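Examining the three-dimensional arrangement
Below, each chain spelled out in residue letters.
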Protein chains: 2
Amino acid sequence: MLHHFSDLMNMQHILIIGAGRSSTVLINYLKAYASREGVYLTVADTDVNLAQAKAGEGSNKIKAMAIDIFDEAQLTAAVKGADVVISMVPASFHLPVAKACLAHQKHMISASYVSPEVRELNGEAQKKGVLILKECGLDPGLDHMTAMEVINRIRKEGGELLSFKSFTGGLVAPESDNNPWNYKFSWNPRNVVLAGQGTAQYIRHGQYKYIPYHKLFTRTEPIEVDGMGEFEGYANRDSLSYRQVYGIDNIPTLLRGTIRRKGYSRAWNVFVQLGMTDDTYQLEGVSKMTKRDFVNAFLPYNESASVEEKLCTYTGIEREGEEFKKIAWLGMFDEEPLHMQKATPAQVMQKILEEKWQLGPEDKDMIVMQHKFEYQLKGENREIVATLVSKGDDPQQTAMAKTVGLPLGIAAKLLLEGKITRTGVCVPITADIYEPILEELKELGIYMEEKEDTLA
Amino acid sequence: MLHHFSDLMNMQHILIIGAGRSSTVLINYLKAYASREGVYLTVADTDVNLAQAKAGEGSNKIKAMAIDIFDEAQLTAAVKGADVVISMVPASFHLPVAKACLAHQKHMISASYVSPEVRELNGEAQKKGVLILKECGLDPGLDHMTAMEVINRIRKEGGELLSFKSFTGGLVAPESDNNPWNYKFSWNPRNVVLAGQGTAQYIRHGQYKYIPYHKLFTRTEPIEVDGMGEFEGYANRDSLSYRQVYGIDNIPTLLRGTIRRKGYSRAWNVFVQLGMTDDTYQLEGVSKMTKRDFVNAFLPYNESASVEEKLCTYTGIEREGEEFKKIAWLGMFDEEPLHMQKATPAQVMQKILEEKWQLGPEDKDMIVMQHKFEYQLKGENREIVATLVSKGDDPQQTAMAKTVGLPLGIAAKLLLEGKITRTGVCVPITADIYEPILEELKELGIYMEEKEDTLA
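What counts as what
Starting from 1, residues in each chain are numbered consecutively following that chain's sequence as written. Naming scheme: in the order in which they are written, chains are lettered from A and ligands are numbered from 1. It should be noted that, the model being predicted, local features are given only for residues of pLDDT at least 70 and side-chain atom pairs only at 80 or more, the latter also being counted only at that level, while totals for whole chains, interfaces and linings use all residues. Computation of side-chain values covers all heavy atoms of the structure but excludes hydrogens and water. In this analysis, strands are considered paired if DSSP registers two or more bridges between them. Per the convention used, a helix needs a DSSP run of H or I reaching at least four residues, while a strand needs a run of E reaching at least two, with both numbered from the N terminus. Only the stretch in contact is used when a helix axis is fitted, and all axes are lines through C-alpha atoms; the angle between N-to-C directions ranges over 0 to 180 degrees. Two residues form a contact once any of their heavy atoms are found within 4.5 Å. If an angle is under 35 degrees, it is roughly parallel; if it is over 145, roughly antiparallel; if it lies from 65 to 115, roughly perpendicular; otherwise it is oblique. By convention the crossing between two helices is left-handed if the near helix lies anticlockwise of the far one by an angle smaller than a right angle, and right-handed if it lies clockwise. Gly counts as polar in this scheme, as do all residues outside two lists: the nonpolar Ala, Val, Leu, Ile, Met, Phe, Trp, Tyr, Cys and Pro, and the charged Asp, Glu, Lys and Arg. To pair, rings of Phe, Tyr and Trp, with the six-membered ring standing in for Trp, must have centres within 6.5 Å; the planes then decide the type, stacked if under 30 degrees apart, edge-to-face if over 60, and tilted in the middle. The cut-offs for exposure are 20% and 50% of the maximum accessible area for each residue type, with area from a 1.4 Å probe on protein chains only; residues under the lower value are buried, those over the upper are exposed, and the others partly exposed. In our convention, an over-ring charge means Lys NZ or Arg CZ found within 6 Å of a ring centre and within 35 degrees of that ring's normal. Put simply, buried area is how much 1.4 Å-probe accessible surface two parts lose in total, over both of them, once they are put together. Salt bridge, as used here: a side-chain nitrogen of Lys or Arg that lies within 4 Å of a carboxyl oxygen of Asp or Glu. Think of a polar contact as two N or O atoms within 3.5 Å of one another; within protein, one of them needs to be a possible hydrogen donor and the other a possible acceptor, and neighboring residues in sequence only count if both atoms come from side chains. Least-squares superposition of the copies uses the C-alpha atoms of those residues scoring a pLDDT of at least 70 in each of them.

Residue and element names in this part refer to chain B. Judged by pairing direction, the sheet is parallel, and its seven strands sit side by side in the order E3-E2-E1-E4-E5-E6-E15 without closing on themselves. Looking at strand neighbours, the two that pair on one side only are strand E3 (62-66) and strand E15 (424-426), the edges of this open sheet. Strand-to-strand twist across the sheet, computed as the mean angle between neighbouring axes with direction ignored, equals 15 degrees. Here helix H4 (residues 72-80) sits on the sheet and contacts strand E1 (12-17), E3 and strand E4 (84-87); the angle it forms with E1, its principal contact strand, is near 145 degrees. Strands E1, strand E2 (39-45), E4, strand E5 (107-110) and strand E6 (131-133) of the sheet are contacted by helix H17 (residues 399-416), whose axis makes an angle of about 165 degrees with E5.

See the structure below:
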């Protein structure tokens, strides 16, 4: 079916595996490209109706197909007919796709992290002249590209990097921001509930620092974006490994983190303190629980105090304060049944939040990414603050889907055009990859604005 | 070698596998029993010198042997010659011993928890007339026996149990208590460092309650022991499963916990808040760290404040307070190298504590166990408080080794005497097992003192 396109007609062929929400902008970008150029596009998904809907009608260059990536024959047939495969399957399912691509000497691109298993394919990929380009979405992806662009520039000028702090967040655009958390989901809600679990590790002025989960949301840094107001950032789990990835092994300060609107973390910290984001055990008696019971299960027993009073005393927040207002707005104190049969605390939180933090039909999301570099150049201490703000069009064409999908789509296009020639298992940290991608992204309105300053 | 004892001479034979510190009192008890009665005793250990030292000289009824429990031939030969096998190997190694016992129709006794794998052997054990008696030490062990003795008595009287709280702790005896923590190690230090990790789950007045680790040491209950002063208890991880074990499924309040001297938990909580008991990741740069650096790695960066100042501000303790005094006494602020090459935070803590919380050559440890029962009898609310205090003789004959070892030794003796006849995989919750054991323990000075009261 597939291979006659490229074999018989000698036209190039892109295969996208996975047509979910995060593929929308990617698919649209490559549909436009395919229609414009002599390129075929196939959209494959376990759900063929979804693939069909995303592929659309009206072009004989664009096809939809059903695929089960664990059926080797199906995967092989699909991969064989393609020149570039973009894998949008969940992170843990990338290995079979990578292996099939390697077996049939096809390039592969994805937005997910390089796993140790995929990294091991590097030698074979180089030998076969295949590129396996990973971490080519937003975070990881655009963060690498924009960081390396500045780091390499500073290096070229002869500067010495002293500090690199980088924060990224998927938020709601100001014009759609109408809740006290100043937050709505534009990405996997489960990941938002579990965010930060583990221990954040980073380095500051040469000192290793460790923040356990239960302290994470109390140790935020203020972040300012011109014209956009105040944000805050909490540390991601693993900043230290980026020293090696970016080739800045001896940098005294390195911190990566997640952006939220100012005040989010103090309120979220209340849930963390109570233990309501725990995903390691099943709650007892969930089927009979209301939201109020759920909160009460984490508070000390005291028959003479209300749940509200106990919460304030236990977590040290004020009844009239912003944190209490945010929590009450979620309905946490309501005598409303959870309507769940079996759940971990984190699963209950996710259900409650999904009802309240959903992007409405008119809502726009927003991506904010900010890098702050401090460096010494000719005896002078200097700073570069690079900030990217990208807004979505609607709940489908989100900023999240754009900033994840466009780097992938552009990389696929550049590969077919022969403008990316690197082979092996790579992430976009080299100029030959990030320069042309950043260039086209800029044309599409996605770019960093830079401010330079001399420091005292 | 072994089997000629029992086969040829028709004398009974006890095999102890594992001659470590916690076996000392058990071995001595059974040596005395063997010398007195027509019984042979073999002490087996991977370290034959240790086995030899514990077995001692001078009796042809008592032997030492080397054993590798993962060598099936060795294990089979040893088990075959015995009538009762007492397994003192680490908890996770009990399964091969249990299987060998079952294969050769020998009884087995141990102090460790029933694993699901061992539980599955119940049917076969019953069919073969073999007793696999688990959880027959202190905690689990003596706690089961003493609790069930009272629970069954209340039941027999027609009382309705409303609340059961039970706390156990291995501590230092008052006459040897000379440090501000009022604590020394009498048991596995690693377990003390990691104690409480996970989420404590219990039920109070019919409400399920969950305490995450980072709140556990702030939610202690006061415990009083007549003439011994003030203690405190923090909740153990899993109280709820004891409802089924003890047959008290509908009890409104059930809490099990660990006893420490009053004030221990508030100070220990400082380490928990900082994340210093985490065992999930390796610290960077351990080889160059001092104790002071170790503490500083968990504190926010602030070049104008000392480690001491930052610690007090961050955790909310007072510089002149008891918590600070305890922490400083451990040397946590000293510029003293850790002398470690690679370690998790928990491993560093363990090393620091092992130097400071060691039982001295003249020191005595102390076990405290307290059960508090509330029940309704003929319309009256009543309370029984049962308390056991047991002191060690010296750092070898510890209260811990006594209260773990004697129930095991007595159970072995009762089995050989035909006074325990139950078969299958059991824990000591039935009167036929706990009554004769508690009776002999009382003669040996280990018993609960009870106080009864009418409640308002």
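Moving on, we come to the packing of helix H17 (residues 399-416) of chain A against helix H18 (residues 431-443) of chain A. Residues and elements named next belong to chain A. Where H17 meets H18, the closest approach of the two axes is 10 Å, and the angle between their N-to-C directions is 120 degrees. By the angle class used here, H17 and H18 are oblique. You can see that H17 and H18 cross each other, and the crossing is right-handed. Contacts from Leu 406, Pro 407, Ile 410, Ala 411, Lys 413 and Leu 414 of H17 reach H18 at Pro 436, Ile 437, Glu 440 and Leu 441. Considered class by class, the residues forming the contact of H17 with H18 number eight nonpolar, no polar and two charged.

Let us look at the packing of aromatic side chains. If you walk through the whole model with that rule in mind, you get 44 aromatic pairs over all chains. Between Phe 185 of chain A and Trp 357 of chain A, the ring centres sit 5.4 Å apart and the planes meet at 65 degrees, which makes this aromatic pair edge-to-face. Note that Phe 185 of chain A is positioned in the loop between strand E7 (160-172) and helix H9 (189-194) and Trp 357 of chain A in the loop between helix H16 (345-356) and strand E13 (365-377), a separation of 172 residues in sequence. Grouping residues by exposure puts Phe 185 of chain A and Trp 357 of chain A together as buried. Ring centres 6.2 Å apart and planes at 35 degrees place the aromatic pair Trp 268 of chain B and Trp 357 of chain B in the tilted group. Here Trp 357 of chain B lies in the loop between helix H16 (345-356) and strand E13 (365-377) and Trp 268 of chain B lies in helix H12 (residues 264-274), a separation of 89 residues in the sequence. Accessibility classification places Trp 268 of chain B together with Trp 357 of chain B in one group, the buried group. An aromatic cluster is defined as three or more aromatic residues linked by ring pairs; in this entry it consists of Trp 181, Tyr 183, Phe 185, Tyr 264, Trp 268, Phe 271 and Trp 357 of chain A. One cation-aromatic arrangement involves Lys 215 of chain B over Tyr 314 of chain A; the distance from NZ or CZ to the ring centre is 4.6 Å.

To continue, consider the pairing of strand E7 (residues 160-172) of chain B. Residues and elements named next belong to chain B. Across the 13 residues of E7, 11 count as buried, placing the element largely inside the fold. As paired elements, E7 and E13 share 12 bridges and run antiparallel to each other. Considered in E13, the bridge of Ser 163 is made with Glu 374. Both E7 and strand E12 (residues 253-261) contribute to a ladder of six bridges, which runs parallel. Bridge pairing in E12 places Lys 165 opposite Leu 255.

Turning our eyes to something else, we now look at the interface of chain A and chain B. Between chain A and chain B, the contact holds 31 residues from the first and 31 residues from the second. Approximately 2,900 Å² of surface area, both sides summed, lies buried where chain A meets chain B, with 50% of it carried by carbon and sulfur atoms. Looking only at chain A, the three residues that lose the most surface to chain B are Tyr 210, Glu 284 and Tyr 301 of chain A, adding up to 25% of its buried area. There are two salt bridges connecting chain A and chain B. Residues Glu 284 of chain A and Arg 243 of chain B are paired through a salt bridge, measuring 3.8 Å at the closest nitrogen-oxygen approach. Between the two partners, chain A and chain B, sit 20 residue pairs in polar contact (both at pLDDT 80 or more). Broken down by element, the residue count for the side of chain A that touches chain B peaks at five residues, all from strand E9 (residues 207-212) of chain A. When the residues that make up the side of chain A that touches chain B are grouped by side-chain class, the tally is 14 nonpolar, nine polar and eight charged.

Another point: the relation of the copies chain A and chain B. Aligned on chain B, chain A shows an RMSD of 0.0 Å; the corresponding rotation is 180 degrees and the shift along the axis is 0.0 Å. Taken together, the turn and the small shift mark the pair as related by a two-fold rotation axis. Closest approach to the rotation axis within chain A is made by the C-alpha atom of His 214 of chain A, at a distance of 3.4 Å. Interface overlap between copies: 100% of the residues of chain A at the interface are likewise at the interface in chain B, consistent with a symmetric, same-surface contact.

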